[in-house]
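Examining the three-dimensional arrangement
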Amino acid sequence: MAKTYFISDVHLGAAFCDRDALESRFVALLDAMREEKAGAVYLLGDIFDFWYEYRYVIPRGCTRTLGALARLCDSGTRVFFMRGNHDVWVYDYFEKEIGMKVLEQPYVTEIDGRLFCLGHGDGLGRTDTVFRIIRWAFHNRFLQVLFSALHPRWAFGLGYAWAGHSRKMKNNPQNTGKYVFRGDKEPLYHYAEAFGRDYAENHGGRRVDYYIFGHYHTPGSIDIPSGGRMFILGCWVDGGEYAVFEDGRLDIISAALPDGNVR
C-alpha cells in the first residue's frame, strides 16, 4: 500500500511566526508526497490560521500551498480536507477548483485493514455552554451570510484578530501556562472511549484501531480502553508533526525535522 498522511494545525498565514518559512515547510512536504506518489492525504483542520471563502474572492496569501495541493490532486493522490475551527468557513472552492474532498468529523475509514477515526477535535467531547454557543454561531448559515456581506478587508482583519486571541487562550488557559496533554483527562479521550464502544456495538464488534485528532496544539498519545490508540498532533508553528501510515504501521514524524521520528 502507498503511504497515507495525516496533518493538522499548520496555521498558514499566522501573524506570530515566519509565514514564509512555515509555508515553505508545508509545500516541501506536499511536493515530496507527490514525488513519492502518496496514496492519500488527510488534512485534519486548521491548515489555515484563518480562511473565509467568498463566492468571487480568493483570500490573499498561501498561493504556493494552493498550487501544491492542486498538483498533488492532479497527480492522482486522494486529498481530503476536514474543517477546523480556524478554517470552518470552507464551502466548495477546494473541491471544485483544487480537487480535494471535504469531510465532516468524525470520519471513519478503513486503510489497509485498519480502522481509523479522524477529526479535527474541535467540538468532540466538549459540552461547556459558552463553547457550544460560539461553535453554533460559527456554523450557523444565516450568520455566515451576514459575515459575507462585510468587505474582505474588515472580515479578514476580524478573522485574524480572533485567530490570534484563540491561540493565546490555547497556549495559556486560565493563565496556568502552555497547554499540556492530560492523558485520560482529555475530553477527546472520553469521546474516543465512548465512540469506540458505540461503534463496536453497532458494527458486530469491529473496533477502531487509531484515533487521530489535532486542535489542542499539544502532541500526545494514549491507549483507549474500548480499543485502539489515540494520537493528538501538534501545531506546526511550534515545530509540529504529522502521521504516516504504511504497511500496517503508524509513525509520528517531526514536521520541523522531516526525517525525525518523534514518537
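Note on numbering: residues in each chain are counted from 1, in written sequence order. Since the coordinates come from a predicted model, pLDDT governs what is reported: local features require at least 70, and pairs of side-chain atoms require 80 or more to be given and counted, while whole-chain, interface and lining totals use all residues. Processing note: side-chain calculations cover all non-hydrogen atoms of the structure and skip hydrogens and water entirely.

The name an unreviewed UniProt entry gives the chain is UDP-2,3-diacylglucosamine diphosphatase, with Candidatus Coprenecus stercoravium as the organism.

Two strands pair if DSSP finds at least two bridges between them. Numbering goes from the N terminus for both helices and strands, where a helix is a DSSP run of H or I of at least four residues and a strand is a run of E of at least two. Strand order across the open sheet formed by six strands is S4-S3-S2-S1-S10-S11, with mixed pairing between neighbours. Only two strands of the sheet have a single partner each, and these edge strands are strand S4 (101–103) and strand S11 (249–254). Strand-to-strand twist across the sheet, computed as the mean angle between neighbouring axes with direction ignored, equals 20°. As judged from the three bridges shared by strand S3 (residues 78–82) and S4, these two strands associate in the parallel manner. For helices, the axis comes from a line fit to the C-alpha atoms of the stretch in contact; other axes are also lines fit to C-alpha atoms, and the angle between any two N-to-C directions lies between 0 and 180 degrees.

Attention now goes to helix H7 (residues 187–202). Take the residue count of a helix, subtract one, and multiply by 1.5 Å to get its expected span. The first and last C-alpha atoms of H7 sit 23 Å apart over 16 residues, in line with the 22 Å expected at 1.5 Å per residue. Among the residues of H7, those classed as buried are Pro187, Leu188, Tyr189, Tyr191, Ala192, Glu193, Phe195, Gly196, Tyr199 and Ala200. Burial here depends on accessible area, computed with a 1.4 Å probe over protein chains only, as a share of the maximum for the residue type. Under 20% is buried, over 50% is exposed, and the range in between is partly exposed.

By the criterion of burial, S3 is predominantly enclosed, with four of the five residues buried. Of the pairings in the sheet, the one linking strand S2 (residues 40–43) to S3 comprises four bridges and is parallel in character. Across the sheet, Ala40 pairs through a bridge with Arg78, a residue of S3. A crossover gets the label right-handed when its path from the first strand over the helix to the second runs clockwise, viewed with the strands pointing away from the viewer. Handedness of the crossover joining S2 and S3 through helix H2 (residues 63–74) is recorded here as right-handed. Following the backbone out of S3, through helix H3 (residues 93–98) and into the adjacent parallel S4, one traces a crossover that is right-handed.

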